[in-house]
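# Structural features, examined
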Amino acid sequence: MTTNELTRRGFLTGVGSLAVAFTLGPAVLDQQAAQAVAAGRRPGVRIDETPADDSLAWLVLTPAGVTIHSGKVELGTGVQTALTQIVVEELHLPTGRVGYVQGDTQVTPDQGTTAGSKTIQNGGPELRRAAATAFQALLDLAAEWFGVSRDRLVASDGVISVAGTRRRVTYEQLLANADLVLVADRDAPLASPDDYRIVGQSEPRVELPDKVTARFRYVHDVRVPGMLHGRVIRPAGRNARFQAIDPGSLDRARAIPGFVTVVQRDNFVGVVADTEWAAIQAANPSTGIEVTWEDGQPLVAQESLPEALRDPANHYRTVEVVGVGDVDEALPAASIQVEASYFTPFQMHAAMGPSCAVADVRSQPDRETGVRATVWSSTQNVYNLRDSVASLLGLPSGSVRVIYEEGAGCYGHNGADDVAGDAALLSEAAGRPVRVQWSRQDEHGWEPLGPAMAHDLRGGVTNGEVVAWEHITSTPTHVSRPNANPGTLIAGALTGTLPSPLPNSSGNTGTRNGPVNYTFPNRRVIGKLVRSFETTGETSGTPAAPLRYRFMRSTALRSLGGFSNSFANESFLDELAAASGADPLELRLRSLDDPRAIAVVEALSEVWAARPSGGDGAGAGIAFQRYEAEFAYVAAYAEVTVDADSGAIRVPRVVVAHDCGLIINPDGLRNQIEGNVIQGIGRTLKEEVHFDARGVTSVVWEQNQFNPTPQYPVLRFSEVPDIEITLIDRPHEPAWGSGEPAIGCVPGAIGNAVFAATGVRIRTLPMTPARVLDALA
């Protein structure tokens, strides 16, 4: 048993309790641990070559209640409620009896990133087994309490009774003198879905009451004693280099009441002050510090972005993701052949609240914990951020503690990690806790972006059937989250460390949902990874020659490549349907052989039969996607109206059929689908990052007299359509995630509806009025 394990379990000392350890990966008990379990002692546990203290999660039962210790965090998606439902179902408890401790590198497990629609899908079953193991232990305790066999016991609402008698005992009574630590039993009996009382019900979100009554503490609300405020002065361009701070402006900043210090390390420049307003003034070149920058290599021009993505000179790697049959032979032989190209620009996460973090970096470690730096952050992975911050500060990982505090939400890797790096560097320099809240211009200008994507498709149809299909996608990396290297944070890159692994060498080619689930006999999907930047030698993880970006810094945005790939796939399938005179819905049904895929498409049959006739500015379209080609099934129907004079598209109605297996919380699932639809419409009709040779120019929401160039509008409440949802519940199937699947169907369904309404095909997102008018002309 390690020292860290003893510290982790120390909170149980002297308290009657039952704790269950579990892991999200393959679990292996060593011989000593197995013997310890058999002997009733607290076991040491080794988890598949990963240190036990970083791999254990805990479900803790005490007389005061049940607590889940989760490495998966609540991002506003309702997972806290859903995971709680899973636990109380197996424990035969009401939901109000369970607490939730999340995202703290000192007390919760490393369960990876809360992303990819994987929390319920991967974490839920393991948590379910842990709860089932705990329940079996409670039955053992009750059998001993009553002196009867377990098969005579009945449990309900935290009480175990002897069947046919009035003898009863509460969990609190059983736990008062218990002191057990167990390892989750993968063979523990599970509650039957036929007997579910809470799973499958629309339990109210546990955290919403505090949110709607302004009592909830977001990361923006974190305050610690002695805290200062910081702001970072960003370079004048993505590739700009620091030259000097004007001495006169530094004197001006020092005269600001509350000013504390200026921090400069390589290209990183920031200010610290007693108040946020003083920090804002000090960072403003008009009232505070002026920095001279040397312009670096210009970025690829926005107007040439589609061609640049397709240019072989910019490709770092090419991967054939799917190769079935012989496309090169089948395509020329097809009676109808179609080619088309599509494009999606860089897009933002565009969180309504700018990123924020608080860091407290001390010169000496805490005597009890050994922690020198504590960071409060809305990161999606506290362990990865811990390792990056530790490297940034030159500390061992165990000296850094990261505590999750919920932020504004984003669905993907936004600025939450970067602002934590900013706060850590400023706190280290100031010797006191520092809070950094980005401005809107910081958020839009410097958050890592969802990458642009270019698609080239070819297809052939013979006798009404698709006989050949090829999809080539070209895109920068979709993965640049923090890891043990500080260069994955802006602060690390600005202080001279390159990311590791380099974005150029990431294995993710953006081909999520590039493969289709249609049974075309000859199909090929190829992914081309675009080189994001240049640097001498391309040596990652160490100080090296300046990093020179060719394209904007890119990362994970909701569904990664799935949004744009499905836009291209579902639009192109409709193009094949139009070229061959086929009904789009019928062509999809004929091309599917999976009963669950067919079921979600057929669920739209009635609304499809009653769709607008099209051709008069009103039309309807459909799209289908199986998330990552192997998980949740979604089909979507969209109605649009197109104003031929202005080019404006409105989406008044969307219908979604959704099958993600076992539904934990129907209302929570509907929330996720609605959010997918709303964000999907915004990304389809409005959202596009604008940039020049230096960097992002769309740094606020709307174009105005102060920001005359195109900005970054998102969907307004008045533009939200009626959203109708058909949920297909499969209680005996695994539960799959729902945070991302539905968004992939939205752009294709809208694009197909626009074609039905106008007879023109829009192949570039977003479908702005200007693009619609160009197409109509």
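Higher on the page you've got the structure.
For the structure given in this document, a descriptive report is provided here. Numbers given for residues are sequential positions, taken from 1 along each chain in its written order. Selection of residues for local features in this predicted model requires a pLDDT of at least 70, selection of side-chain atom pairs for listing and counting requires 80 or more, and totals for whole chains, interfaces and linings are taken over all residues. For the side-chain quantities, the full set of heavy atoms in the structure was used; hydrogens and water were omitted.

Counting from the N terminus, the helices are the DSSP runs of H or I reaching at least four residues and the strands are the DSSP runs of E reaching at least two. In this structure, Glu447 sits in the loop between helix 14 (440-446) and strand 20 (453-462). Each residue is assigned to one of three classes by its accessible area relative to the maximum for its type, calculated with a 1.4 Å probe on protein chains only: buried under 20%, partly exposed between the two thresholds, exposed over 50%. Neither His nor the chain ends contribute to the count of charged residues, in which Lys and Arg are positive and Asp and Glu negative. Whenever Lys or Arg places a side-chain nitrogen within 4 Å of a carboxyl oxygen from Asp or Glu, that contact is recorded as a salt bridge. Within the buried core, Glu447 has no salt-bridge partner, and the shortest N-O distance to an opposite charge, that of Arg440, equals 6.3 Å. Here a polar contact means two N or O atoms within 3.5 Å. Within protein one must be a hydrogen donor candidate and the other an acceptor candidate, and residues neighboring in sequence count only if both atoms are side-chain atoms. For Glu447, the side chain forms a polar contact with the side chain of His349, separated by 2.5 Å. Note on contacts: a residue pair is in contact if any heavy atoms of the two residues lie within 4.5 Å. Ignoring sequence-local partners within four residues, the contact set of Glu447 consists of Arg238, Met348, His349, Ala350, Gly415, Trp438 and Asp442.

Here we take up the sheet that holds strand 22 (residues 523-530). Between any two strands, pairing holds if DSSP finds at least two bridges. Spatially, five strands are ordered 14-22-21-20-15 in an open sheet, and the strand pairing comes out mixed. In the strand order of this sheet, the two ends are held by strand 14 (315-324) and strand 15 (336-344), each with one partner. Averaged over all pairs of adjacent strands, the angle between strand axes in this sheet comes to 10°, irrespective of strand direction. Where strand 21 (residues 465-475) lies against strand 22, seven bridges are found, and the strand directions are parallel. Within strand 22, the residue paired with Thr475 across the bridge is Leu529. Contacts from helix 16 (residues 562-580) reach strand 15, strand 20 and strand 21, with the element oriented near 150° to strand 15. An axis is simply a line fitted to the C-alpha atoms; with a helix, the fit covers only the stretch in contact. Between two such axes, the angle follows the N-to-C directions and lies from 0 to 180 degrees.

Moving on to helix 13 (residues 416-430). Between its first and last C-alpha, helix 13 extends 21 Å over 15 residues, near the 21 Å set by a 1.5 Å rise per residue. Those residues of helix 13 lying buried are Ala416, Asp417, Asp418, Val419, Ala420, Gly421, Asp422, Ala423, Ala424, Leu425, Leu426 and Ser427. Positive phi appears at Gly431, one or two residues downstream of helix 13, with a value of about 75°. What a helix should span is 1.5 Å times the count of its residues minus one.

Turning to the packing of aromatic side chains, a few remarks are in order. To describe a pair of aromatic rings, one takes the distance between the centres and the angle between the planes. Classification of ring pairs rests on two measures: the distance between centres of Phe, Tyr or Trp rings, Trp counted by its six-membered ring, which must be within 6.5 Å, and the angle between planes, read as stacked under 30 degrees, edge-to-face over 60 and tilted in between. In the structure shown here, the tally under the stated rule is eleven aromatic pairs. Residues Trp469 and Phe520 carry aromatic rings whose centres are separated by 5.1 Å and whose planes lie at 35° to one another, so their mutual orientation is tilted. Taken together, the residues span a long stretch of sequence, with Trp469 in strand 21 and Phe520 in the loop between helix 15 (490-494) and strand 22 at a distance of 51 residues. For Trp469, a relative accessible area of 1% translates into the label buried. With a centroid separation of 6.2 Å and an interplanar angle of 50°, the aromatic rings of Tyr633 and Trp736 are classed as tilted. Of the two residues, Tyr633 is situated in strand 26 (residues 633-642) and Trp736 in the loop between strand 28 (722-727) and helix 21 (746-758); the sequence distance between them amounts to 103 residues. Each member of the pair, Tyr633 as well as Trp736, carries the same accessibility label: buried. Counting every residue linked through ring pairs, the aromatic cluster contains Trp469, Tyr518, Phe520, Phe572 and Phe624.

Next up on the list: the environment of Phe216. With respect to the helices and strands, Phe216 occurs in the loop between helix 7 (208-212) and strand 9 (228-233). For Phe216 and Glu406, which are 190 residues apart along the polypeptide, the C-alpha to C-alpha distance reads 9.4 Å.

Before going further, it helps to spend a moment on helix 4 (residues 79-91). When the terminal C-alpha atoms of helix 4 are compared, their 18 Å separation across 13 residues agrees well with the 18 Å that a helix rising 1.5 Å per residue should span. One or two residues past the end of helix 4 sits His92, with phi positive at roughly 60°.

For the rest of this paragraph, the subject is the nonpolar core. Side-chain atoms within 4.5 Å are what join buried Ala, Val, Leu, Ile, Met, Phe, Trp, Tyr and Cys residues into a set we call a nonpolar core. Judged by nonpolar contacts, the single largest core of 74 residues is most densely connected at Trp469, Leu604, Val640, Ile681, Ile750 and Met767. Of the residues forming this core, the biggest block, eight residues, is contributed by strand 26. Each domain span listed reflects an automatic or database assignment of domains. Three or more residues apiece are contributed to this core by two domains, here domain 3 (302-347 + 451-530) and domain 4 (583-776). The contacts of Leu604, once residues within four sequence positions are left out, are Leu585, Ile622, Ala635, Ala636, Tyr637, Val655 and Ala657. With 44 residues, the next largest nonpolar core counts Ile68, Leu141, Tyr171 and Ala735 among its residues.

Axis separation between helix 4 and helix 5 (residues 119-146) bottoms out at 8 Å; the angle between their running directions is 30°. Judged by the angle between their axes, helix 4 and helix 5 are roughly parallel. In this structure, helix 4 meets helix 5 at a crossing whose hand is right-handed. Contacts from Val79, Ala82, Leu83, Ile86, Val87, Glu90 and Leu91 of helix 4 reach helix 5 at Thr119, Ile120, Gly124, Leu127, Arg128, Ala131, Ala132, Ala134, Phe135 and Leu138. Residues belonging to the contact of helix 4 with helix 5 are distributed by class as follows: 13 nonpolar, two polar and two charged. What sets the label is the angle itself: under 35 degrees gives roughly parallel, over 145 gives roughly antiparallel, 65 to 115 gives roughly perpendicular, and the rest give oblique. When the near helix sits turned anticlockwise from the far one by under a right angle, the crossing is termed left-handed; a clockwise turn instead gives a right-handed crossing. The residue classification treats Ala, Val, Leu, Ile, Met, Phe, Trp, Tyr, Cys and Pro as nonpolar and Asp, Glu, Lys and Arg as charged. All others, Gly included, are polar.

With an omega of -5°, the peptide bond running from Leu765 to Pro766 counts as cis. Inspection of the secondary structure puts Pro766 in the loop between helix 21 and helix 22 (769-776). Even without glycine at this site, Ser117 takes up a positive phi of about 55°. When you line up the elements, Ser117 lands in the loop between strand 4 (98-102) and helix 5. We classify Ser117 as buried; its relative accessible area is 11%.

Here we take up a nonpolar patch on the surface. Any residue with relative accessible area above 30% and no salt bridge may belong to a patch, with like charges joined within 9 Å and the nonpolar Val, Leu, Ile, Met, Phe, Trp and Tyr side chains within 5 Å. Residue-level accessible areas treat just the shown protein chains as cover; the underlying method is Shrake-Rupley with a 1.4 Å probe. A contiguous nonpolar surface patch, about 310 Å² in accessible area, is contributed by Ile678, Phe717 and Val720. The topology assignment puts Val720 in the loop between helix 20 (666-685) and strand 28. We classify Val720 as partly exposed; its relative accessible area is 32%.

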